[in-house]
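A structural walkthrough
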Amino acid sequence: MWMPPLDDAWQGKVQFYELLFGTWTVYILLVLMWERVLKAPLEEWRYVLLTFFGAGAFWVNHYWLKAPPPIWLILINLYTVFFVTAWWVIGMRGRQRSFGWKVAALLGSVVFTVSFIFFEQIARIGVERWGMHEFCFMTLSFFGFWWLILWRRKQPPVNPA
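A few points on the structure.

Right, let's talk about the packing of aromatic side chains for a bit. Within this structure, the stated rule accounts for 17 aromatic pairs. Aromatic side chains Phe83 and Phe112 sit 5.8 Å apart centroid to centroid with 15° between the ring planes, which places their arrangement in the stacked category. Taken as a pair, Phe83 in helix α3 (residues 69-92) and Phe112 in helix α4 (residues 99-128) lie far apart in primary sequence, 29 residues in all. Residue Phe83 shares its accessibility class with Phe112, and that shared class is buried. Within the aromatic cluster, the residues linked to one another by ring pairs are Trp34, Phe83, Trp87, Trp101, Phe112 and Phe116. Here Arg97 stacks its cationic end above the ring of Trp101, 5.0 Å away from the centre of that ring. Above the ring of Trp151, the side-chain terminus of Arg152 is found at 4.9 Å from the ring centroid.

Here the focus is α3. With 24 residues, α3 should cover 34 Å at 1.5 Å per step; its first-to-last C-alpha distance of 33 Å lies within 8% of that length. Turning to α3, its buried residues are Trp72, Tyr79, Phe83, Ala86, Trp87, Ile90, Gly91 and Met92. Where α3 is buried, its residues meet α1 (16-37), α2 (44-64) and α4. Within two residues after α3, Gly94 carries a phi angle of roughly 85°, on the positive side.

Axes are the key here: two packed helices are described by the angle between their axes and the distance separating the axes. Viewed as axis vectors pointing N to C, α1 and α4 meet at an angle of 150°, and their least axial separation amounts to 8 Å. On the basis of their axis angle, the class for α1 and α4 is roughly antiparallel. Of the two elements, α1 crosses α4, and the hand of that crossing is right-handed. Residue composition of the contact of α1 with α4, grouped by class: 17 nonpolar, 5 polar and 3 charged.

For the pair α2 and α4, interaxial distance at closest approach is 11 Å and the crossing angle is 60°. As far as their axial angle goes, α4 and α2 are oblique. With respect to the hand of their crossing, α2 and α4 are arranged in right-handed fashion. The residues of α4 that touch α2, namely those facing Leu50, Thr51, Gly54, Ala55 and Phe58, are Phe112, Phe116 and Glu120. Broken down by class, the residue content of the contact of α2 with α4 amounts to 5 nonpolar, 2 polar and 1 charged.

Calculation rules
- Residues numbered from 1 in each chain as written.
- Predicted model: local features only at pLDDT ≥ 70, side-chain atom pairs only at ≥ 80, totals over all residues.
- Heavy atoms only, no water.
- Phe/Tyr/Trp six-rings, centres within 6.5 Å; stacked < 30°, edge-to-face > 60°.
- Helix = DSSP H or I, 4+ residues; strand = E, 2+ residues; numbered from the N terminus.
- Buried < 20%, exposed > 50% of the residue type's maximum accessible area, 1.4 Å probe, protein only.
- Lys NZ or Arg CZ within 6 Å of the ring centre and 35° of its normal.
- Expected span 1.5 Å × (residues − 1).
- Contact = heavy atoms within 4.5 Å.
- Axes fitted to C-alpha atoms, helices over the stretch in contact; angles between N-to-C directions.
- Parallel < 35°, antiparallel > 145°, perpendicular 65-115°, else oblique.
- Left-handed = near helix turned anticlockwise from the far one by under 90°.
- Nonpolar A, V, L, I, M, F, W, Y, C, P; charged D, E, K, R; others polar.

Rendered as structure tokens:
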């Protein structure tokens, strides 16, 4: 398989603590969006997979953000198509819902993405502007994931409709 060479100069300014902080916080938003706004709960593995795929954008940004435009545009557009398709297949396919609900659910992928970036930026701003150490965001994330696991551990099985 052909793959262009990776150049360290292409890497974007993204740090692991940003990804970790953004992941657990956006997971909460994802659950609340599907369960309270769309009123269509998903099975837990679906929330996990959507969050995992959302985090994949971090990976693309880390290694390719400053790549020459043709490479960057191709990769980010391919990943965007992949993510929206995965969102549809994992969360929406097979549901007998109104057209308006489907539009709202699909727009949820944009809300999810923007929120993920927002939460990552909170961590970045905390370190770069507020003078917090990245250890603070790693610690918050440790306890955030712990709380998240306790919160979601006893959810009843979902029958997606």
